[in-house]
Structure formats: structure tokens, C-alpha cells
Amino acid sequence: MRKLRFSQPGARLTAEWSCAKQGPVAFPPAEHPREKVPELCTYRLEIAVRPGLGDALATATGAQLAGMRPTGLRTRKVYLLDLDIGPDEAERVLAALTDPVAEVGAVGALPDQFGAPAGAAGEPWLLTIGFRPGVTDSVGTSVKRAAEDCLGRSLRGQVYTATTYVLWGLEAAEAERAARELHNPLIERAALERSPRPAEFTVPRAGAGHDATVAVVALRAADDAALMRISTQGLLALTLTEMRAIQRHFADLGRDPTDAELECLAQTWSEHCKHKIFAAPIEYTDPAGATRTVERGLFRTYIRGATEAVAAARVADGRDGAAPFLVSVFHDNAGVVRFSDDDHLVYKVETHNSPSALDPYGGAMTGIVGVNRDSLGTGLGADLLTNVWGYCFGEPDFDGQLPPGLMHPRRIRDGVHRGVIDGGNQSGIPYSRGFELFDARYAGKPLVYCGTVAVMPVRSAGRPTADKVVRAGDVVVMLGGRIGKDGIHGATFSSVELDESSPVQAVQIGDPITQKMVADFLAEARALGLYSGLTDNGAGGLSSSVGEMAQLTGGADIDLALAPLKYPGLMPWEVLISEAQERMTLAVPKDKLDALLELARRREVEATPLGEFTSTGRLRATWAGKPVVDLELEFLHEGTPRVPLRARWSPPARPDSPAAAVAAVLGEARLTSEPGAIEHDLLDMLARPNMTSNEHLARRYDHEVKGLSVVKPWVGARQDVPSTATVMRARHLRPEGVVLAEGVHPHYGDLDTDAMARACVDEAVRRALCAGARIDRLAALDNFCWPDPVQSDKTPDGEHKLAQLVRCCEGLRAACEAFGVPLISGKDSMKNDAHLGGVKISIPPTLLVSVIGQMPDVRRALDLTPIAAGDLVFVLGPTGRHLGGSELARLRGLVLPGAPTTDLGAAAARYAAFAAARDAGLVRSAHVAGRGGLAVALAHMTMAGELGLDLDLDDGLLRQVPEDMPLTPAELLFSESTGRIVLTCRPAAAGALTGRLGPHGLVALGRVAEPGADGGGWLRVRRGAQALIEVTGARLRERFRPAAVHGPPAPLPARAQEVRR
Amino acid sequence: MNALKIDGAADVRALVLTGYGLNCEAETCAALQTVGARVTARHVADAIADADALAGFQLVVFIGGFSFGDHIASGRVFANRLRFKMGERLLRHVGDGGLVLGICNGFQTIVKLGLLPGLEPGLAQRVSLVMNDRLGYWDAWVRLAVDRASPCVFTRALPPVIELPSRHGEGKLVFEEGPLRQVLEDRHLIPVRYADEAGAATERWPDNPDGSPGGIAGLCDPSGRVFGLMPHPEAYLYPENHPRWIAQREAGTLPEHGLGLHLLAGGVRAIAGG
């Protein structure tokens, strides 16, 4: 950090030039060609909106500073040019950056009172917020590019950006509160100054000029306590067993490990990378008390086991002929399935929970651009098609006391959305699916799921694209962003709980534009056949990417001193494991290297050869020839000790609500004592966080880029009802479509994780089928987010949590096999606990199942919108008393038994019959009954269609229920029984439909009717003569759509850096 | 999908510039192919490096996306690069009768480059596109009222009102001080405006997503051959892009092609026909 001075400008908007020579630079070391360090000068540019024009950022900031009433508020963009340019050149750069119509700028500073709005009195506060040293400043990079374009030469140095908020009429305490509201101290710094400003400013130059050193860790002499100290203090997240294994290995070698070797092992052996809990043998005592051993671990037994069983069944029935559906599963960055003669589909969903807890914006952005890289790095690469997201947050209206160190769920929610919005939009990728779920237990760690579908040409440059073809001798090339300290220990950090000492540097900030340029470059290089393999630099950085690719040839040899750095002063181990973003590692045949580097130069993408892949059986890294890492690949990848785990089903007592309390909500008597009771429940339910529209946030995400959308995320007459599933073309001028859907039901998991898993697969499959997906081309991804399931002092209920995991896996495999849906990729995140201020908050076990489907012609797609008055409404599939974990139970504060169990065999047969009837053209619209039951599904259809739905439970639904287990109307309408589809058909199709689907539980509900007197939709549900629900679509919409959609100001950015086009 | 036949389209050559965070190349190329034009997608860097990059092309398209992340301001870095490295060539292209279409980020870019409104020779920025009144990016379909009296060659065959997706955060048009807005109005250089349900220009959200005065959604130059707009015609290429396509089909009103395609077809037709 450097302090500089600028003159306080008055009439003349100029500054005093401040030049300073950098001190002696001891980096890179003398053996390497040293970049000549020029004289850098620093200029401060300040740009404001022209007086008279609206300052949109100021308006938004004012709304964000709720409770404070500044008499005036304006904003200024600040650019600190730390470049080798002269004063006249700085003026030229300012002119190039400033909008001549809309802005006014100055070198130095504008007068403090510049642009003061009417009514602003007195001397203002000037609050300047910029990044901390070393934090990725992508706008600064672009300003430097613009300066180079303007001056016509390449420049040395960097540009740093900030925003100044000029605030009039605030007390000192209020101004300080504003500063706290407007910045995140983990990554930003704020300077609050009272006008007149002191004539100095600081440049957040990062890095220190010290020599690179490699330390040796005295592991052989360490006792157990010392081993654990080394692991804990180094944030290695290695257990004692693992530390001992490493100690033994090096004792055998007769030396101690270097710091880099230990870090490399910690990254590679992290839960994040090695999935130790899913690999461990488990002794499992089931709910019946029987004990058995899951010898091969959960992953091999249930996840891979399910997929192998499905694949074998497909081979047995000859369904796929000579072209297997599964192209590449489990071994690459993302799963790959067959789609058309020309293209495969690639899909991956990731989680980025811990970083999002610390810096919601940066953490979540890194989540989305990171999962983009997974698809980019699968096989020889793929073209990104669409994103999906899903978030689990604490209650947004929580007003109690949060443990110290936790951000309010609302702030996390806003930041997460903005991060994924910016990351996705700037990458030119639309979103298809998005969900939010709220529960107090997600306040400790939010769950941030981000996924990406990509299209992979079957062949590129004459080779199958799904396979990497790396050979020994191929060059290791690092591509994309530079390395900094950001994201060091991300992989190991995600494997520990969140506590007060959680590392700042675990947070990375994404730079989507750098990555977009990398993605475009890769598409060109792939078509030209310029590389033989690639993978992304995500968790573990180079240690993981090179370490994993090295397995393809049997070794790699790299020189870390060659890696380009963001700033000097990184140690070799830091270069090795940094998770600085936007980087890919390529394997490049030597005869293609020049062409690859030349293309990279033309595309302004940094590409640096670091070494080569070998067949030595070793991962070796040096620093300018000096050894840093020399590890056997076998020990690195297979040396992890497998520790058996114990699981015992021993759920905590969970007393159900007393019968009287249940009857007061669900009973027949309430219908007479409280006329409209069910309608009240429905309206109240639609306004709940889990059910209400989040369209005001969703429309901040691009839905339309690429021009391929068919069934969009929001459908209906006003496009304000979330679609059952989405459909989009995969390529232009082609009819084939991709169908996306998901299921996530953590509240069923509170009762039984087996039921949860079945319900998740069932709902995802059912949704995809409703939209038109082929039943024989479905594939699924599993994402497990769990609280720590390993028994310890901190986790006394670990054995039960692990048993919940076992049962979840059992249910997942059973459902996938029953529906014939292979699991093609997945992710587990196993330490979702926060331990803060003596409070432990653990998430509920959460499984997300994401389904990707296919259809031969998108013009056959369906959505949930009823089409014409006179059409008939049916529900397919039986309704039972399944209110345990239901939305109604949470709404009315009841604890109820009976999470939906799913009769997998019956559901599979039902879906096959439904798909056939659908393909025969008998179905006009279809929707799932899911969270909130039939009532919510009908409400969605009413709002979407703007037609009437005139329904009578006596028409069939009541007759479907077994007489010995009668259901009340409330139970019928709010039960969350799985396996049900609400559909409409033309009257003429009713006979054929009943013939086909009658045996699978098709019952009539009523008919679609003309719009109401207000021209909008309406919903009437009767039981014979008794009205249960009688409500207009307008009324439903009032509750379903938050005010933000209708008119008042939209949600606001927390930081100017987040305001994007 | 059936091609939209335009006589002489095979002689029309269109250049789509890509790279640096632009991202609508696939749909823009597909649209131009569908109307029969010969389309070349080329990275901006390669076009800048090649002195003859524009030669032989009658249409240059500046596509949507986030050029350089829209850092500093949308289109600003890209417009500077074009001004310093390609400005003369672009002026010559327009002067020689060539067409330029700027969509979303492309519109922002050619406005900041000074190709629009193009009332005088040379490159001078006289209007700008700034942050939406309701801050931030917003994705929704909008209605556009088309000014049939505009010289714009792209819009002259369009129906009076069309729908297109709109998705941007900096689309509010602002003018230099003085009579410029009135000049643009008088000369019908505002071919498209955000419209309400009745088809009338509107400044009200959400029909007008950015708060642009008079509902201005696009501008053309006096020749009508340089046109820029914020909404995305290339994202309404197929009938199934429309959010209500199923309802349209059931009502028998589904068009054969997406209406955005007709806007690009207008440009190709103008070249092919004259």
C-alpha cells in the first residue's frame, strides 16, 4: 500500500503529480529473466454523472441506506492509474474513459460539492470504497486496456478502481454506519473523509519483494500432538491418521516433506477432492437394528452402482443399439451423455457454500464461473449452453440474534444472487432453472448450487471430443488469469466447519470476462486440434489440475517460477495451490505449441508453458531448478488411508403435534367453523418464502441469450409462473431440445432420508416428463450437502447423520434403477456446519437431484398453462396422507408424521403410460403436484392460464381414496404425495386418455372455464355443494408475487462494482 | 426450419464481429443464414489487424454481449478500441453505402463510438446510454412500436408493433444539451419505441424497462442504413422463442418465423434490392 498526495482542487480541477520509484525488487530471482521495472506514476481520476442527469447508483444506494436520510447523495467512479505514463497522457486517458454526454471527470478530484443536489447542505462526507490489495479488480484490468488503446502502446503497472459516495447531511455516526453497510471488509476497504478532503490517497499495491523460499517441515520427528498442530495451524484439514500416513511415507523415503509437498497432499486428499466419506467402508445399523457393512463405500455401492445397473439394463434390452447412452461418467469433470448424431450433452452441478458464507457475491460468482470451467474442461471441451442455480438460505425475515460472524440471510441472499447474475450474464449464458429454499438451519452455511449444461461436438479436429489424448512429452500450459493469494486453501477450507478463524484468502473473486475470453479461445483451439487435454484449475489449483492430468501419462514436471503472478511475493507452495480463478491447464503436443501460443496472443489470453507431462510416475515441481515437490503419483492419489466409519440410525425424538392441534388445521370441523379455511391456507402459503415468486430476482438473470429458449423459466399469460421444467434447443437451426428439471426436499429428510431421495428423483423425472422429455433419455446428477457425519466430540450425533446418508444413498439408487435414470455426475459437500460464539448450526441433510432430458423436436413441448375453456382437468396418480415435512405443516406450525413414500414401481409404470399418451397428443398441458400439494399446483395453473378452473373433489378424487383411510379436503389438497401430474386435455381426448391412464390412477377434477368478470383467471374447488376454494387469479397473484415485481424499487446492489449491464 | 426467402440474398455478405465478451454471435449468424445471406463471424482482433477486413461486406453487425465486461461503462472500452484502431474504416464503410446494425451492447458501442445518430460526418458522440432508472439488468419481453415513417431500412417492413426480448442494465438514452432530441424526432430517426398494451410509446416500467425518454429503444442515422436498438431481434428467430408460442399455436396465430428475424431480413432485403 502506498500513500500519495493530490492537491485539493478548487477552481482548477487538476492534481499534483506524484511519482514514486518502486523499491528494490527481489522477485523473480536472479536466475530468471527479470522484467524491467519502469518508473510508475500514479494518477487519480474521478468521474461523476453530469449534473442534471439522474445518478442511478446514488438513487439505489439511498434506498439501501434505509433509516438514514442524507440530504444529498451522489457517486463518483475513481480510477487510480499506477502506470508508466505522463501527466498529459493521464488527461487523454481520462477523456477516453469519460462519457462526453453523461459524465464529467477530472484528473485528481472533482470539487467535493460538485453536483450537490438541491437541498444538500453543509460539508459532505466522502466515503471511498475500493478493493483490498491483491483482490481481483477486473474493472482495473479493463481500464488499463483502455489506456493502452488510447495511448497506442502497452503499459506497465496496474489500475485500481473505487467508488466514492458523497453524502450530505449525515451525522458522523450515520456516515460510519453507511460505510459499514456499503462494504465487505473481507475484500474491500473503506475510507471515510469529511470535506475538505485531506490531500492524500492510497494505492492498494499488493505484494512484497522477498525471495521465494521452500521450507522443510520436520514431520518425522513430530509426535501426534505436533502432527495435529501442523495440520490445524496450516489449514490442511488432514486427520491424525492421514498425518501419520504421510509421516510414515516420508520416514520410508528418509527425508522430511517440503511445505509444498505437504500442501499438495492436503489439497489432493481433501474431502473436497477425494470424497473420503463416500469412499470409506461403513458399518451400518439400519432402522430395524440390523447391522451390515457397506464394504465398497457409498459411492461405489450406490452412486456408481446405480449407474452401472442402469447401463447394464440398457444393454440387456438393447435400447441404445451400438451407441451407448452413457458417453463419459464419473471420471471427468462433468458427465457426458449421447444426444444427437452431432452432439453430446455435458452436465455438472457444483456447490460453493463456504466461500458464499464469507463473501456472498464473490463466493457465488466463483461458484458459477467455476462450474462453467468444469464443462469447459470435460473431454477436450464443450460449448456452454445454459446455467442452473439453487440456493438454500436462512429465513430472509429472520429478526433474532445471529451468532457473531454470520451475515444476515437477507444480505447473503442478495449477494449470492448478484454474484451468479454477474457471472452468468457476463459469460453470455442464460439461466434455465432456479430455486430458493429457506430454513433457519441454513443460516450457518448457505447452500449455493450452480450448474451448467454444455453441448459437446461428437468429434472435433477429427477426434472424439469426449476423450483426452494426453501423451508424455506434451507441454503443461497454464491458460487464463494470473496467480495471486486468492483462494489459497479453498479445497481444504471447504472440508472444515465455518468458525471465527476462517481464512480471508479462501475467498476468490471471479472475473467472468477473462474467463469468457478463455472459453472463446478454447473453442477455437479445440476446432484446430491445438491441445490434447485440459482441465480446470479449481480446488487445489495447479496441484490438483496438473496432479490429476499427470495420471493420464504417469507424471508431470513443472517449474513454478514460470507461472505468471498478479503481484510479487508468493511462495512456491502458494503458487502451487492458489485457487486464483479463470485458469485452465492444457496439455499441448510440442508441435502445436507455437500455434497455440500465437492464437492466445492474438486473443489476449495469457498462456504460459510450465513444464511437461512425463511417464516417470512422479509429480515434480521446481522453482527455477530447485526442487519444490517430488511425490510419487501413486502415493499422492492412492495413499489416502481408508478409515472405516460407523453409522447407526438413531433419530432424535420428534414428538408429533397433539391430535387436537392437527384436527384444528386439517379436520372437517374447521371447514364449518372457519368458512374459506382452505382458501386462507392456500393464500397464506403462496406468500411464504418457500413458495412465493422470486421473479424480481430471477429476471436479473439472462433468460434469452443464445436465442434457443422454448419453455422458459417463467411461463403463463403474464410469464410470471415458474415453469414445471424448461426446454431449449441445443443448437441453432436444429429441432432437438434439452429438458431440465430438479427435485429438492430437505424437509422430508427430517423424517426419512430414503423418502427424501425417492421424492427428489421422482419429482425431477416427473417435471421433465411434463415438459415433453423422452422417457428413455433421462440422466440425473446428485448433489449431497450434509452436516458433518463423522462422530466426534463436536458431532456427537455423527453416527445418525451418517446413517441418514446411507439411507439417502439407498433411496437414490432404488429410484434411479426404477426409473432407468443413470447418475452421470455429482458432488458431495460434507461439512456444512457453523460453530460460532458457542453456537452450532448444522444444515438439514439436503439432496438435490437435477435431471437432464431430451426431446427430438421442441415443437412438441408442453407447459403448465391451461389452454382453452372446455378442456378437462385430471390428476394422475394417487393422493395419500403425506403431510410430514409438508409446506402446510410448516405454515401452521405442526409436526406431522408421514413424509411421502414413493411407490417406485407404480410410478415408473405410470410415467411410461403418461409419456405414451403425451406423445400421442392426448395431453394439452401438464404440471406436477409438489411442494404445497394439489392446491398450489392448481393456483399456478390458474395464474398462468388466466382462465377459470372449476373443480369438484367429488368428481373422482374423493372416490380414489381408500375408504378405510379417508382424507379430509385439507389433506387432499395439501398432501405432498409424490408421483402426481395435473393435466388438461381436450374433451374429445378424454376417452382415450382415460383408457390409457385410468389404470394408473387418473381421476377427473373438473374443467377449464372462461375467464372471470375481471378478464382474469379464477379457481373454484368444491366438494359437491360445499365451496372449499373460490378465488380469483388476481387474488392469488397478490400473495404470490412480492411487491418488487409490481412496481416499487427493485433490489439494490451493495457495491458499485456489482452494477452490471 | 424453413428459410425466409429473399431474392438476391445470396449476394449479401454480412460480417459479425465477435470476441472480447460479446456473446450473441451464434444466434445472429443463424438469423442471417436463415434469410439467405452469406455470413462471416470474425474476431474483432483479427478484423482490426486486417486492413481489408470490411472490404466486400455490405452489412457489419455489432452484436450483443458484455464487451470487456462493460467495465467503466457499457461499450466504452470497445468503442475506444474501435475509434483508435478501426474508426476510419467504419466511416468509409458507411460512407460507401454499407449497413451497420448494433444490437444491445452493439448499440451502446456504436453510440459511444459516435456512428449514431450520425447527423454529421465523422465520429462524434452526441447521445449516450446510461444505467436504467431501476438500477440493474432486467430480462423481459417488450413491445416495440415501429415508426413506419422512419428512413430505417431494417424496420420498414415490420408490423406496427412487434415483441422482442430485452435484457440490459444500461439502456436509458440521454442527449447532449440542446435541440438534438427534437431533431431526431422530427427526422424520424427513432425507428422503435417501447410500447404499452395499446401500442403507444411509453416511459412506464415495466413496458419501458430502462426509463428511456419517449420510450426510445433504438436510433438510426439519416440514411436509415445505420441502426441500433437495445432489444434483441436475433433472439426471436424461431416462433418457439415467443413466451406464448403454445397459446399462439392453439389460437392459430403462430407466425412462421420469429418476428425478430424480419428485422434482420429488412437489412438484407435493402442490400439485395438495391
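The structure displayed is predicted, hence computed values, not measured ones.

(A) A look at the overall build of chain A. Looking only at helices and strands, chain A has 34 helices and 44 strands in total. Since a compact globule built from 1061 residues should have a radius of gyration of about 31 Å, the 30 Å found for chain A is in line with a globular shape. When its C-alpha atoms are laid out on the principal axes, chain A stretches across 90 × 75 × 60 Å. Within chain A, contacts between residues at least 6 apart in sequence are counted, and of these 82% link residues at least 24 apart.

(B) How the structure looks around the overall build of chain B. A tally of helices and strands in chain B yields seven helices and eleven strands. By the compact-globule yardstick of 19 Å for 274 residues, chain B fits well, its C-alpha radius of gyration being 17 Å. C-alpha extents for chain B along the principal axes are approximately 50 × 45 × 35 Å. Counting all 274 residues of chain B, 63% fall into the buried class.

(C) Structural context of the nonpolar core. Residue and element names in this part refer to chain A. The biggest cluster of nonpolar side chains holds 405 residues, and the ones touching the most others in it are Leu81, Val761, Ala768 and Ala780. Shared between two domains, this core takes at least three residues from each, and those domains are domain 1 (2-209) and domain 2 (684-692 + 864-1061). When residues no more than four places from it in sequence are discounted, the contact partners of Ala768 are Ala725, Val739, Ala741, Ala773, Leu778, Val851 and Gly853.

(D) Highlighting the sheet that holds strand β24 (residues 607-613) of chain A. Residue and element names in this part refer to chain A. With mixed pairing, seven strands are arranged side by side in an open sheet as β21-β23-β20-β24-β22-β25-β26. Two strands in the sheet have a free side with no partner beyond their single neighbour: β21 (533-536) and β26 (626-632). Here the strands of the sheet are splayed against their neighbours by 20° on average, with no regard to which way each runs. Bridge count for strand β20 (residues 475-480) against strand β23 (residues 583-588) is six bridges, and the pairing is antiparallel.

(E) Here's a closer look at the interface of chain A and chain B. On the chain B side, the residues contacting the 59 residues of chain A number 58 residues. Elements supplying a minimum of two residues to the side of chain A that touches chain B: α1 (56-64), α2 (87-97), α3 (138-151), α13 (409-426), α15 (512-527) and β28 (709-711) of chain A. Among the elements that make up the side of chain A that touches chain B, the one with the highest residue count is α3 of chain A (eight residues).

(F) View of helix α3 (residues 76-95) of chain B. Over its 20 residues, α3 of chain B runs only 23 Å from end to end, short of the ideal 28 Å by more than 12%, given 1.5 Å per residue. Among all positions in α3 of chain B, only Arg76, Val77, Phe78, Ala79, Asn80, Arg81, Leu82, Arg83, Leu90 and His93 of chain B are buried. Packing partners of the buried residues in α3 of chain B comprise α2 and α3 of chain A together with β3 (59-62) and α4 (105-113) of chain B. Where α3 of chain B ends, the next residue or the one after it, Gly97 of chain B, has phi of about 95°, a positive value.

(G) Just the sheet that holds strand β41 (residues 981-985) of chain A, in detail. All names here are of chain A. As summarised here, the arrangement of the seven strands in space is β39-β41-β38-β42-β40-β43-β44, forming an open sheet in which the pairing is mixed. Whereas interior strands pair on both sides, the edge strands pair on one side only; in this sheet they are β39 (925-928) and β44 (1026-1032). Between one strand axis and the next, the sheet turns through 20° on average, direction left out of account. Direction of pairing for strand β38 (residues 872-876) relative to strand β42 (residues 1002-1009): antiparallel, over a ladder of five bridges.

(H) Seen up close, helix α4 (residues 172-182) of chain A. Residues and elements named next belong to chain A. Every buried residue of α4 is accounted for by Ala175, Ala178 and Leu182. The arc that holds every buried residue of α4, seen down its axis, measures 55°, which confines them to one face. Turned more than 90 degrees from where α4 packs its buried face, Ala172, Ala173 and Arg180 sit exposed. Against the buried residues of α4 lie β6 (125-131), β7 (157-168) and β8 (188-194).

(I) The arrangement of unusual backbone geometry in detail. With an omega of 0°, the peptide bond running from Ser195 of chain A to Pro196 of chain A counts as cis. Along the chain, Leu116 of chain B connects to Pro117 of chain B via a cis peptide bond; the corresponding omega equals 5°. As for its placement among the helices and strands, Pro117 of chain B is situated in the loop between α4 and β5 (127-130). Phi is positive for Ala237 of chain A, close to 55°, though the residue is something other than glycine. Along the polypeptide, Ala237 of chain A turns up in the loop between α5 (224-233) and α6 (240-253). The backbone of Phe330 of chain A shows a phi angle near 70°, a positive value even though the residue is not glycine. A tally of 14 C-beta atoms within 10 Å means that Phe330 of chain A is categorised as partly exposed.

(J) Structural view of the pairing of strand β17 (residues 447-457) of chain A. All names here are of chain A. Burial analysis of β17 places eleven of its eleven residues in the buried class, which makes it a mostly covered element. The side-chain alternation of β17 yields two buried faces, one formed by Leu447, Tyr449, Gly451, Val453, Val455 and Pro457 and the other by Val448, Cys450, Thr452, Ala454 and Met456. Bridge analysis of strand β14 (residues 343-351) against β17 gives nine bridges, and the strand direction is antiparallel. In the strand pairing of β17, Thr351 is matched with Tyr449. As paired strands, strand β15 (residues 383-393) and β17 are joined by nine bridges and run antiparallel to one another.

(K) The arrangement of the pairing of strand β4 (residues 99-103) of chain B in detail. All names here are of chain B. Most of β4 is tucked away, with five of its five residues classed as buried. Here β4 shows no split at all, with Leu99, Leu101 and Ile103 on one side and Val100 and Gly102 on the other all buried. In this fold, β3 hands off to α3, which returns the chain to β4; that crossover is right-handed. Where β4 meets strand β11 (residues 226-229), four bridges bridge the pair, whose relative direction is parallel. From the neighbouring strand, Leu101 faces β11, where its bridge partner is Phe227.

(L) Representation of the packing of helix α12 (residues 360-376) of chain A against α15 of chain A within the structure. Residue and element names in this part refer to chain A. In contact at an axis separation of 11 Å, α12 and α15 are set at 10° when each is read in the N-to-C sense. The orientation of α12 with respect to α15, classified from their angle, is roughly parallel. Of α15, the residues touching α12 (which contributes Val369, Asn372 and Leu376) are Pro512, Gln515, Ala519 and Leu522.

(M) Main features of the confidence of the model for chain A. Residues and elements named next belong to chain A. Averaged over all residues, the pLDDT of chain A equals 89, while 92% of them reach at least 70. Per-residue pLDDT stays below 50 along residues 5-37; that stretch engages in 66 contacts with residues further than four places along the chain or on separate chains. For residues 1044-1061, every residue scores under 50 in pLDDT, and the model assigns this stretch 57 contacts once sequence neighbours within four places are set aside.

(N) Inspection of the environment of Arg92 of chain A at higher detail. All names here are of chain A. Residue position: Arg92 is located in helix α2. Judged by C-beta crowding, with 14 C-beta atoms within 10 Å, Arg92 ranks as partly exposed. On a C-alpha basis, the gap between Arg92 and Ser543 in space is 44 Å, while along the polypeptide they are 451 residues apart. The contact partners of Arg92, leaving out residues within four places of it in the chain, are Cys150 and Leu151.

(O) Geometry of the environment of Gly136 of chain B. Residue and element names in this part refer to chain B. Mapped onto the secondary structure, Gly136 falls in the loop between β5 and β6 (138-146). Assessed through the 23 C-beta atoms surrounding it within 10 Å, Gly136 is described here as buried. Separated by 136 residues in sequence, Gly136 and Ala272 have C-alpha atoms that sit 39 Å apart.

(P) Looking closely at the confidence of the model for chain B. Chain-level statistics for chain B give a pLDDT mean of 95 and a share of 99% at 70 or above. Scoring of the predicted complex yields 0.94 for pTM and 0.97 for ipTM.

Criteria and cut-off values
- Residues numbered from 1 in each chain as written.
- Chains lettered and ligands numbered in written order.
- Predicted model: local features only at pLDDT ≥ 70, side-chain atom pairs only at ≥ 80, totals over all residues.
- Helix = DSSP H or I, 4+ residues; strand = E, 2+ residues; numbered from the N terminus.
- Rg over C-alpha atoms; globule rule 2.2 N^0.38 Å.
- Contact = placed C-beta atoms within 7 Å.
- Buried ≥ 20, exposed ≤ 12 C-beta atoms within 10 Å, placed from the backbone.
- Core = buried A, V, L, I, M, F, W, Y, C linked by C-beta atoms within 7 Å.
- Domains from an automatic or database assignment.
- Pairing = 2+ DSSP bridges.
- Axes fitted to C-alpha atoms, helices over the stretch in contact; angles between N-to-C directions.
- Expected span 1.5 Å × (residues − 1).
- Arc of directions from axis to C-beta.
- Right-handed = clockwise from strand over helix to strand, strands pointing away.
- Parallel < 35°, antiparallel > 145°, perpendicular 65-115°, else oblique.
- pLDDT = per-residue confidence, 0-100.

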